[in-house]
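Below are the chains, spelled out letter by letter.
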Amino acid sequence: MITVNNLLKKVPVADGELEILQGINLDIKSGESLAIVGVSGSGKSTLLGLLAGLDVASGGDVVIDGVALSTLDEDARAALRAQKVGFVFQSFQLLPALNALENVMLPLELAGVANASARAEEYLERVGLEYRLTHYPSQLSGGEQQRVAIARAFASRPRILFADEPTGNLDTATGDTIIDLLFELNRSEGTTLILVTHDNRLAQACSRRVQLVNGRLETFL
Amino acid sequence: MSAPAQTLTARKLLWRDWRGGELGILLAALVLAVGVVVGISAFVASLQSALENESRRFLAADQVISSRQAIPEVWRDKARQSGLASASLVGFPSMVMNDGEGMTLASIKAVEAPYPLRGTLKYSEAPYESAIATEQVPTPGEVWLAPRLFALLDVNVGDPVWVGEASLTVAGAIRSEPDSTTAMFGYGPRLLMNVADLAATGVIQPGSRVSYRLLLGGSDADLATFVTWVEPQMAQGQRLLGSGDGQASVNRTLQRARAFLLLAGSLGVVLAAAAIALAARRFSERHTDYVAIMKSLGATSATVNRLYGSSLLLMGLIAGVLGCLVGWAIQALFFALFAEQLGVAPGPMGVLPFVIGATTAMVCLLFFAWPPLRRLALVSPLRVLRREEDAGSAQQIQDYVFGVLAMTGLMWWYSADILLTASVVGGLLVTVGVGFLLAKALLSVGRGVGSQAGSVWRLAMSGLLRRGNANALQMVIFGIAIMLMLVLVMVRTSLISQWQAQLPPGTPNHFAFNIGSEQRTPLAALFSDLGIRTEPLFPMTRGRVMAVNGRLLTEDRDELGANEGRQRESNFTYAQGIPEATRVVAGQWWGDTSAEEVSLEEEFAGSVGAAVGDTITLRVGADSFDATVTSIRAVDWESMKPNFFVIFPPHVLDKFPAMYITSFFLAPDSKGALNQIVRAFPTVTVIELDIVIEEVRSIVARVGQAIELVLAVILCAGALVLVAGVQSSVDVRIRESALLRALGARRGLLMGALAIEFTVLGLFAGCLAVMGAEVAAWGLQTQALQLIYAPTLWLWPLGVVSGMVIIGGVGVASCRKAVNVPPLVVLREL
Ligand SMILES: Nc1ncnc2c1ncn2[C@@H]1O[C@H](COP(=O)(O)OP(=O)(O)OP(=O)(O)O)[C@@H](O)[C@H]1O
Ligand SMILES: [Mg+2]
């Protein structure tokens, strides 16, 4: 259960302040799937980062399972992320010194999951990368890297999964596999999905869609 | 979340980073720092215990009981029971006669096997033949004579001589005794005989001037047991002599070598620390993004700290162990250099050197590697969403301050010399401060030049200017590395040449004293006939310092209070001008004075407790008189020129009868001249110091080699700094070059620009280094090592050219990748 109350985000820029988010209100129920759409630069990644506790809001609050993020310090938010949150970044953010398998294992180990290696292998198989386990990010294509990032987010079986353009670099067929995977997780484990996407098929697969316009949310059909 | 297994993958992330090269540099620098410190301090510790043996050598034993009465037999028994080796020794002056009329005063020393317990006895089959080390002592019925005695008594090997009532056969010549300086027994030439013949001589009567000694040898523990047992039983006139009564000139030479080695060693640590700081900084820069990702995946700052902290600790352990091994090897190498010629076996080094090494490793890690890594825990996970430039510079200032303090502390601890430390740290700080400003000034000059030059130059200069602060800092770091190397080369050169100058060929190696005033002219004539150059003759009168400012000094050293002076007997002399190898440190040397003045040697003045302005009471023979201390002198005893504790203006002393002293040089092949001198002037005493001087010379040569070895280690550390420094800027340069190439820049253009960029950097760094080196050398030479400073001209081309070549070379080599690998590969790896 995520509740967003009048969320504000301002950043200092050369000529004063830029108000990226100007009062976002949102309720997301457990097990729901939500798509956030909007033009480039409308603040989607910013919003997602705030929801996941990666950033601190300038005003308002995000409440996850009854805990207001504004009351937590960075370490407490990190602990919350380790327990409940998975994130697929727009720019993948794989660790170049670790191979695909190790990249997926890392958050599992951070959360103290037993047999991390087996679980990581299982999820890499599910995204179709079983032949690429020992490859390093620099040896993978953009789409392959994205799939490793998705496997990493899925593997820790988070309660809430944030994904920033998860199908952005993928061809239609692979994209479909990823969409299936996302919603399978959503169905079988009750994972709450919060996605940013330009992909209409993905947006339509979600139970709810919102659009970011001028720093505010509009319902989008 | 604390089990280490959980962060196994994260740890892998760290160690996989060998590719980046920083960990290799970090480890190598740490190993070098620990190695050089352990090596030098182990060497010094081991040399010190060896030196203690050495000074035992001058006693011919580990411990000696000296006594005016015969030493009780029970003491010997007890010593034997305590597991100690022992030998008795009896010394006294006595007349020795040949079979005819000839007789002379000799200093008799009666010994028994196993004399000496420490050091070696040397003898030769005939006077002035080559000396051979021996473990024998004269057998009962035989004696060995000092070479001069052969001439004085007109005897040869096989002839009989009479000591008291005993007739003994001359069996050889005694050439050197380990304890010749601590067991003189009068001024006459030595006659060595066996204790077994003493009774037969009948010389020892109640009241005769006889010194008895019991020489003891064994482990420190056994000695201590025996000493606690014997000390309470010792009577008036019985004394314990232990180590510490060494040979001053040898000790002093080694003392100075040790100060230099430690200084050089700590410079090695400074360089290593700089390399560590650079490597750690680059490591942490590259890991900032990794940490952001880990944090976005749920790692807390504690996890991150634990991860990097424990990895660093592990690295410290590995480096510590490797460093200790390296240090041990350095120490062994030093000894390989020393042992052969000195006959010094390495003594035990104890654990202290390894403690020092471990501390060094910890300080290097804590103050130089940890600060940038500690900040990794503060990285915001937001970086995964948006790359932001970190504003961590305020904390970096703090790091520098702590780093300098830590390094100063370490150097102080190593050298135990605040002045030396201050001078080195001061030199470094001046280089950093002035260097940074100069570097920025040089860069802006470069801008003017660059804008008028061709495109390669423009590209290079714009590269230098764009990263102005970073480049200025880098220039300063390179400058310091080069500066330290220059300082070392320079100080080493002047140190060694100064040592050599101290004992130039022809340094007097014999002293002649007991020269009567009427013998002066004929003796000078004989010297000039023999072609021997002598130092001036000094009058010498035996006298005693009785009181200072009317307060009578105590006579017995046993009754001595803490800061109390005691009476001292000494040879007085008079002179109008300041003798050679002497420096007035307080007060003023007299001119044409008619006052009752006196000049005292520094340490002597301390021991009687007199300062400039005090009136001291002196006694010569039966006469007492007062004189005012008007100057205190420091004397360079190593110069081997005659010098005195107490000197008066001529008019004060010339009314007393005096004997004269001089020193002269004899080459090994003209030692036969001694025969003629001694025959012509039987009452003149000649002391041979040529063996001691040779020993000091050989130490100087060995120390020179040891210093070169340390220098090699320092150069390695310096090279590491350069590589680490260049590498830290290579990332940016490679990325930029790849982009430029992707945008169509030619390979040659980029290569040229890189070469110019680094060479200019090296040129500027070289200039800074030379300036800093002059300042540091001035401080070191004038303040710490008491040498004379002169600006070094050859430093400029050496510093500047080596800066350009080394930094240009290393820079271009490290950036090769940027221009040779296809740009896509480079961009993809970023
Ligand atoms: N720290 C910041 N400083 C300045 N501007 C910022 C900052 N963070 C975000 N912005 C601006 O806010 C706007 C929203 O950024 P955001 O990354 O959220 O867009 P987005 O909707 O994800 O766009 P895209 O679809 O292209 O990924 C952009 O115009 C960006 O430049
Ligand atoms: Mg975005």
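Our subject is the structure that appears above.
A brief structural summary. Residue positions are given per chain, counted from 1 along the sequence in the order it is written. Each chain takes a letter, starting from A, and each ligand takes a number, starting from 1, following the order in which they are written. Reporting in this predicted model follows two pLDDT cut-offs: at least 70 for local features of residues, and 80 or more for side-chain atom pairs to be given and counted; totals over whole chains, interfaces and linings ignore these cut-offs and use all residues. For the side-chain quantities, the full set of heavy atoms in the structure was used; hydrogens and water were omitted.

1. Considerations on the overall build of chain B
No. 1: Within chain B, the secondary structure is distributed over 21 helices and 22 strands.
No. 2: Classification of the 830 residues of chain B by burial places 53% in the buried group.
No. 3: For chain B, the share of sequence-separated contacts (at least 6 apart) that also reach a separation of at least 24 residues comes to 82%.
No. 4: In the form shown here, chain B has an accessible surface area of approximately 34,900 Å², with 60% of it arising from carbon and sulfur atoms. The helix and strand labels rest on DSSP assignments: H or I over at least four residues marks a helix, E over at least two residues marks a strand, and numbering proceeds from the N terminus. Accessibility here uses a 1.4 Å probe with only protein chains present; expressed as a share of the type maximum, an area under 20% marks a residue as buried, one over 50% as exposed, and anything in between as partly exposed. The contact rule is simple, with two residues in contact once any of their heavy atoms fall within 4.5 Å. The Shrake-Rupley method, run with a 1.4 Å probe sphere, supplies the accessible areas, and residue values consider only the shown protein chains as cover.

2. Notes on the overall build of chain A
No. 1: Scanning chain A for helices and strands turns up seven helices and 10 strands.
No. 2: Taking all 221 residues of chain A together, 57% fall into the buried category.
No. 3: Considering only residue pairs separated by 6 or more positions, chain A has 66% of its internal contacts joining residues 24 or more positions apart.
No. 4: Summed over its atoms, the accessible surface of chain A is roughly 8,800 Å², and 48% of this surface lies on carbon and sulfur atoms.

3. Observations regarding the packing of aromatic side chains
Residues and elements named next belong to chain B.
No. 1: Any two of the Phe, Tyr and Trp rings considered here, Trp counted by its six-membered ring, make a pair once their centres fall within 6.5 Å; the pair's planes then place it as stacked at under 30 degrees, edge-to-face at over 60, or tilted in between. Scanning the model with the defined rule gives 12 aromatic pairs over all chains in all.
No. 2: Seen in terms of ring centroids, Phe-527 and Phe-664 are 4.8 Å apart; in terms of plane orientation they differ by 55°. Their pairing is tilted. Of the two residues, Phe-527 sits in helix H14 (residues 520-530) while Phe-664 sits in strand E21 (residues 659-664), which places them 137 residues apart along the sequence.
No. 3: Given the relative accessible area of 4%, Phe-527 is considered buried.
No. 4: Ring centres 5.8 Å apart and planes at 45° place the aromatic pair Phe-538 and Phe-644 in the tilted group. Here the residue Phe-538 occupies a position in strand E13 (residues 538-548), and Phe-644 occupies one in the loop between strand E19 (623-635) and strand E20 (646-648), the gap between them amounting to 106 residues. As far as burial versus exposure is concerned, Phe-538 and Phe-644 are alike and both buried.

4. Focus: the interface of chain B and chain A
No. 1: Taken together, the contact between chain B and chain A spans 30 residues of the former and 32 residues of the latter.
No. 2: Using a 1.4 Å probe, buried area is obtained as the accessible area two parts lose upon being combined, added over both of them. Buried area between chain B and chain A, summed over both chains or domains, comes out near 2,700 Å², and the portion from carbon and sulfur atoms is 62%.
No. 3: When a carboxyl oxygen of Asp or Glu lies within 4 Å of a side-chain nitrogen of Lys or Arg, that pair is called a salt bridge. Between the two partners, chain B and chain A, sit zero salt bridges.
No. 4: Each polar contact in these results corresponds to two N or O atoms within 3.5 Å; when the atoms are within protein, one needs to be able to donate a hydrogen and the other to accept it, and residues that are neighboring in sequence are counted only if both atoms are side-chain atoms. The tally of links between chain B and chain A comes to three residue pairs in polar contact (both at pLDDT 80 or more).
No. 5: Split by residue class, the side of chain B that touches chain A holds 15 nonpolar, eight polar and seven charged. Each residue receives one of three labels: charged for Asp, Glu, Lys and Arg, nonpolar for Ala, Val, Leu, Ile, Met, Phe, Trp, Tyr, Cys and Pro, and polar for the others, Gly being one of them.

5. Observations regarding the pattern of salt bridges
No. 1: Applying the stated criterion across every chain yields a total of 19 salt bridges over all chains.
No. 2: Its salt-bridge partner being A:Glu74, residue A:Arg77 comes within 3.6 Å of it at the nearest N-O pair. Of this pair, A:Arg77 and A:Glu74 both sit in helix H2 (residues 74-84), three residues apart, which is roughly one turn of the helix.
No. 3: Look at A:Arg77 and you get buried, because its relative accessible area is 10%.
No. 4: Between B:Arg281 and B:Glu285 there is a salt bridge whose closest N-O contact spans 3.9 Å. With B:Arg281 and B:Glu285 both in helix H7 (residues 248-296), this residue pair falls four residues apart, about one helical turn.
No. 5: Residue B:Glu285 is classed as partly exposed on the basis of its relative accessible area of 47%.
No. 6: Here the salt bridges share partners, and the residues they tie into one network are A:Asp65, A:Lys84 and A:Arg159.

6. Brief notes about the sheet that holds strand E2 (residues 16-28) of chain A
All names here are of chain A.
No. 1: One open sheet holds the four strands; their spatial order is E2-E1-E4-E5, and the pairing between them is antiparallel. Either end of the sheet is taken by a strand with one partner, and the two such strands are E2 and strand E5 (67-68).
No. 2: Two strands qualify as a pair provided that DSSP identifies no fewer than 2 bridges between them. Bridging between strand E4 (residues 59-64) and E5 involves two bridges; their strand directions are antiparallel. If you follow Val-63 over to E5, its bridge partner there is Ala-68.

7. A few points about helix H6 (residues 172-189) of chain A
Along an α-helix, residues three or four positions apart point the same way, because every turn accommodates 3.6 residues.
Residue and element names in this part refer to chain A.
No. 1: To estimate how far a helix should reach, multiply one less than its number of residues by 1.5 Å. With 18 residues, H6 should cover 26 Å at 1.5 Å per step; its first-to-last C-alpha distance of 25 Å lies within 8% of that length.
No. 2: Among the residues of H6, those classed as buried are Thr-174, Gly-175, Ile-178, Ile-179, Leu-181, Leu-182, Phe-183, Leu-185 and Asn-186.
No. 3: Tucked inside the fold, the buried residues of H6 contact strand E3 (33-37), helix H4 (116-126), helix H5 (142-155), strand E7 (160-164), strand E8 (192-196) and helix H7 (200-205).
No. 4: The N-cap residue of H6 is Asp-171: its side-chain oxygen and the backbone nitrogen of Ala-173 are 3.2 Å apart.
No. 5: The first or second residue beyond H6 is Gly-190, which carries a positive phi of 70°.

8. Points about the pairing of strand E4 (residues 121-124) of chain B
Residue and element names in this part refer to chain B.
No. 1: Here E4 pairs with strand E5 (residues 132-134) via three bridges, running antiparallel. From the neighbouring strand, Lys-122 faces E5, where its bridge partner is Ala-133.
No. 2: In terms of strand pairing, E4 meets strand E8 (residues 166-176) through three bridges, oriented antiparallel. Within the sheet, the bridge partner assigned to Lys-122 lies in E8 and is Ser-176.

9. Notes on the nonpolar core
No. 1: Residues belong to a common nonpolar core when they are buried Ala, Val, Leu, Ile, Met, Phe, Trp, Tyr or Cys residues joined through side-chain atoms within 4.5 Å. If you look at the biggest cluster of nonpolar residues, it comprises 148 residues, and the most contacted ones within it are A:Ile2, A:Ile36, A:Phe162, A:Ile194, B:Val269, B:Met294 and B:Tyr308.
No. 2: Among the elements that take part in this core, H7(B) stands out by supplying 20 residues, more than any other.
No. 3: Setting aside anything within four residues of it in sequence, one finds A:Ile2 in contact with A:Leu26, A:Asp27, A:Ile28, A:Val62, A:Val63, A:Ile64, A:Ile160, A:Phe162 and A:Ile194.

10. Digging into a nonpolar patch on the surface
Residue and element names in this part refer to chain B.
No. 1: A cluster of nonpolar side chains, Val-430, Val-434, Leu-438, Met-771, Val-775, Leu-793 and Trp-796, forms an exposed patch at the surface whose accessible area comes to about 590 Å².
No. 2: Breaking the nonpolar patch down by element, the ones donating at least two residues are helix H11 (418-452) and helix H19 (747-784).
No. 3: Top contributing element to the nonpolar patch by residue count: H11, with three residues.
No. 4: Relative to the assigned elements, Val-430 resides in helix H11. Surface patches are drawn from residues lacking salt bridges whose relative accessible area is over 30%; two like charges belong together within 9 Å, two nonpolar side chains (Val, Leu, Ile, Met, Phe, Trp, Tyr) within 5 Å.

11. Side note on the environment of B:Phe368
Residue and element names in this part refer to chain B.
No. 1: Within the secondary structure, Phe-368 is located in helix H9 (residues 352-374).
No. 2: With relative accessibility at 13%, the residue Phe-368 sits in the buried group.
No. 3: Along the chain, Phe-368 and Ala-277 lie 91 residues apart, while their C-alpha atoms are 4.7 Å from each other.
No. 4: Among residues more than four places away in sequence, those in contact with Phe-368 are Ala-273, Ile-276, Ala-277, Ala-280, Val-363, Gly-403 and Met-407.

12. Description of the packing of helix H3 (residues 100-110) of chain A against H4(A)
Helix-helix packing is described using two parameters, namely the angle between the two axes and the distance between the axes.
Residues and elements named next belong to chain A.
No. 1: At their nearest, the axes of H3 and H4 sit 9 Å apart, and the two run at 125° to each other. Between H3 and H4, the crossing angle belongs to the class labelled oblique. Where H3 crosses over H4, the two elements pack in a sense that is right-handed. Between H3, through Ala-100, Leu-101, Val-104, Met-105, Leu-108 and Glu-109, and H4, the contact on the second element is made entirely by Ala-116, Ser-117, Arg-119, Ala-120, Glu-121 and Leu-124.
No. 2: Classifying every residue of the contact of H3 with H4 gives eight nonpolar, one polar and three charged. Every axis corresponds to a line fitted to the C-alpha atoms, with the helix fit spanning only the stretch in contact, and the corresponding angles, defined between N-to-C directions, vary from 0 to 180 degrees. Note that the term roughly parallel is reserved for angles under 35 degrees, roughly antiparallel for angles over 145, roughly perpendicular for angles of 65 to 115, and oblique for everything else. Crossings are classed by handedness, with left-handed meaning an anticlockwise turn of the near helix from the far one by less than a right angle and right-handed meaning a clockwise turn.

13. Quick word on the site of ligand 1
No. 1: One heavy atom within 4 Å of a molecule or strand is enough for the residue carrying it to be called near that molecule or strand. Around ligand 1 there are 15 residues in total, and A:Ser40, A:Lys44, A:Ser45, A:Thr46 and B:Arg386 lie nearest to it.
No. 2: Nearby residues around ligand 1 are contributed by chains A and B.
No. 3: Residue A:Ser40 places a side-chain N or O atom 2.6 Å away from an oxygen atom belonging to ligand 1.
No. 4: A:Ser45 is positioned such that a nitrogen or oxygen atom in its side chain is 2.7 Å from an oxygen atom of ligand 1.
No. 5: Within the residue set of the shell around ligand 1, elements represented by two or more residues are strand E1 (2-13), E2 and helix H1 (44-51) of chain A.
No. 6: Residue contributions to the shell around ligand 1 peak at three residues, all from H1(A).

14. Digging into the packing of H14(B) against helix H17 (residues 673-680) of chain B
Residue and element names in this part refer to chain B.
No. 1: One way to put it is that H14 packs onto H17 with a least axis distance of 11 Å and a crossing angle of 160°. By the angle between their axes, H14 is roughly antiparallel relative to H17. Between H14 and H17 lies a crossing whose hand is right-handed. Contact residues: H14 offers Leu-523, Leu-526, Phe-527 and Leu-530, while H17 offers Ala-673, Gln-676, Ile-677 and Ala-680.

15. Observations concerning H1(A)
All names here are of chain A.
No. 1: Here H1 lies mainly inside the structure; seven of its eight residues are buried.
No. 2: Among all positions of H1, only Lys-44, Thr-46, Leu-47, Leu-48, Gly-49, Leu-50 and Leu-51 are buried.
No. 3: Downstream of H1 by one or two residues, Gly-53 has phi in the positive range, about 75°.

16. Brief notes about the sheet that holds strand E9 (residues 208-213) of chain A
Residue and element names in this part refer to chain A.
No. 1: Strand order in the open sheet made by the six strands is E6-E7-E8-E3-E9-E10, with mixed pairing throughout. Both outer strands of the open sheet, strand E6 (85-88) and strand E10 (216-219), are each paired with one neighbouring strand and no more. The sheet shows a mean angle of 20° between the axes of neighbouring strands, direction not considered.
No. 2: As paired strands, E7 and E8 are joined by five bridges and run parallel to one another.

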